Amino acid sequence: MRLTLLSIVILLTLLTQHSIAKEYKWNNKLTFLGFLKKYHIPQKIYYNMDREDRELIQEIKAGQSYTINWKKGKISTINIPVSDELMLQIKRIKQGYIANYVPIPYKLIEKTISIKIKNGLDKDLYRATKTHYYYKEIQEVYSKALPLNKMKKGDRVIIFYTQRYRHNKPYTSPKIEACLIEINKKPYYGFLMDDNKYYDSMGVKYQRTYTTRFIIPVNYKRISSRFTQSRYHPILHRYRAHLGIDYAARRGNRIVASSSGKIVFKGWKGGYGRVVEIKHPGGIKTLYAHMSRFGKYNRGSYVKQGQVIGYVGTSGRSTGPHLHFGLYKNGHAINPARYVAKRQAKKIKLKGRQYRKLRKIVLHFRPQFREVKRRKNNIVKKESSKCLNCFKRLPPR
Ligand SMILES: [Zn+2]
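Residues numbered from 1 in each chain as written. Predicted model: local features only at pLDDT ≥ 70, side-chain atom pairs only at ≥ 80, totals over all residues. Heavy atoms only, no water.

1. A few points about the pattern of salt bridges
It is possible for side chains bearing opposite charge to pair when their charged atoms get close.
Logical step 1: Within the structure shown, the criterion is met by 14 salt bridges.
Logical step 2: Residues Asp246 and Arg51 are paired through a salt bridge, measuring 3.7 Å at the closest nitrogen-oxygen approach. Of this pair, Asp246 sits in strand β14 (residues 245-248) while Arg51 sits in helix α4 (residues 51-57), placing them 195 residues apart in sequence. Like Arg51, Asp246 is buried.
Logical step 3: One salt bridge in this structure joins Glu371 and Arg375, with 3.0 Å as the shortest N-O distance.
Logical step 4: Through salt bridges that share partners, Asp50, Glu52, Asp53, Arg238 and Arg240 make up one connected network. (Salt bridge = Lys/Arg side-chain N within 4 Å of Asp/Glu carboxyl O. Helix = DSSP H or I, 4+ residues; strand = E, 2+ residues; numbered from the N terminus. Buried < 20%, exposed > 50% of the residue type's maximum accessible area, 1.4 Å probe, protein only.)

2. Structural notes on the nonpolar core
Logical step 1: Ranked by internal contacts, the top residues of the largest apolar core, which has 31 residues, are Phe32, Phe35, Ile78, Ile80 and Ile90.
Logical step 2: Every element with two or more residues in this core is listed here: α2 (32-38), α3 (44-47), α4, β2 (65-71), β3 (74-81), β4 (86-93) and β18 (284-294).
Logical step 3: Looking at which domains feed residues into this core, each of domain 1 (19-103) and domain 3 (222-340) supplies at least three.
Logical step 4: In contact with Ile80, not counting residues within four places along its chain, are Trp26, Phe32, Phe35, Ile60, Tyr66, Met87 and Leu88. (Core = buried A, V, L, I, M, F, W, Y, C linked by side-chain atoms within 4.5 Å. Domains from an automatic or database assignment. Contact = heavy atoms within 4.5 Å.)

3. As for the pairing of strand β17 (residues 274-280)
Logical step 1: The buried fraction of β17 is high, at five of seven residues.
Logical step 2: When strand β16 (residues 261-268) meets β17, the two strands line up antiparallel, connected through six bridges. Each bridged residue has a counterpart across the sheet, and for Lys262 the counterpart in β17 is Lys279.
Logical step 3: Counting the residues in the hairpin turn of β16 and β17 gives five residues, including Gly270, whose phi is positive at 40°.
Logical step 4: Relative to β18, β17 runs antiparallel, the two being bridged by six bridges. Directly across from Ile278, in β18, lies its bridge partner Thr286.
Logical step 5: If you look at the hairpin formed by β17 and β18, you'll find three residues sitting between the two strands, and Gly282 has a positive phi there, around 85°. (Pairing = 2+ DSSP bridges.)

Fair warning: the whole summary comes from geometry, so function is off the table for now.
Here it is, written out as structure tokens:
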């Protein structure tokens, strides 16, 4: 009897000491300072941050889910994602709290789609996956260089893609790693390189063409900071991200709409200072930060490419006058350089080290293509047992 009581006591202590992770959703009216206040976390956590770290705070989206680990009824850590790669981690330590950006842990699972075409690529992919996502992505891979909509019975498609999982739930969009389109028995391979673009097996790039054109929105002196999803700063010993391009420019220089669209935000955004956001077709949004003053257009108005929406400044605690230019596709920050880059007309073929890298990727996928091709039946979103990043089986990129 005494023993049982003792075990109950032990069990209870264990349970109360055990930390519990709870998931929450970021309320759209919640500011970061309001959030700190709510959980009795000193505001100096925010005020001690530098410029780049403060900018990232503004990337916390309404509706974003975040987790709090509770230990003995007290906060032990809070994890708030700010991008696909990084999360802000607030940790309780003896002397209070510390905040750092750290990579979001995830499992990368490889999956396969292999379909013999019956009615057309879009239709068959949709029937198999219940989404148009893969068709759209395939179009991006081949940059509309192939007659995908004319694929006929007997043609085929093979896609190897990866899906990130976090807390056993898929998170962020699936990414095509390699694919094959067969038209009239002629194969067209696409391989993803580390520049986020697709090449055929000989290293020739499938050129991207955009339906919407974007221009550099300011007359600038130099690029003072480039886009990075996540990088480890060897001197600061921490992770940073910069979800846009900083164009250093003279104070008061005109900032123009990079492409035509509707102004969906005009106002103050913490570390970004005075901000204008424009929504464009195709799920794209552009952001212009640190303005000294706004242009005449208001929220809700439509602006044409090249129309003045504001003027260069340093609002929001930036170092020198510059424009922070961000570009988002379906809410995900992507490198604006991918969109404002000049259209390249001539063929691009990888050489030297880059070419050897591509060939390694081709060899990595070759046995997988061979295996899938051998099968007669369709494969749809088959989950391979491979957790690529757990076992270091990532493509050699
Ligand atoms: Zn910036």
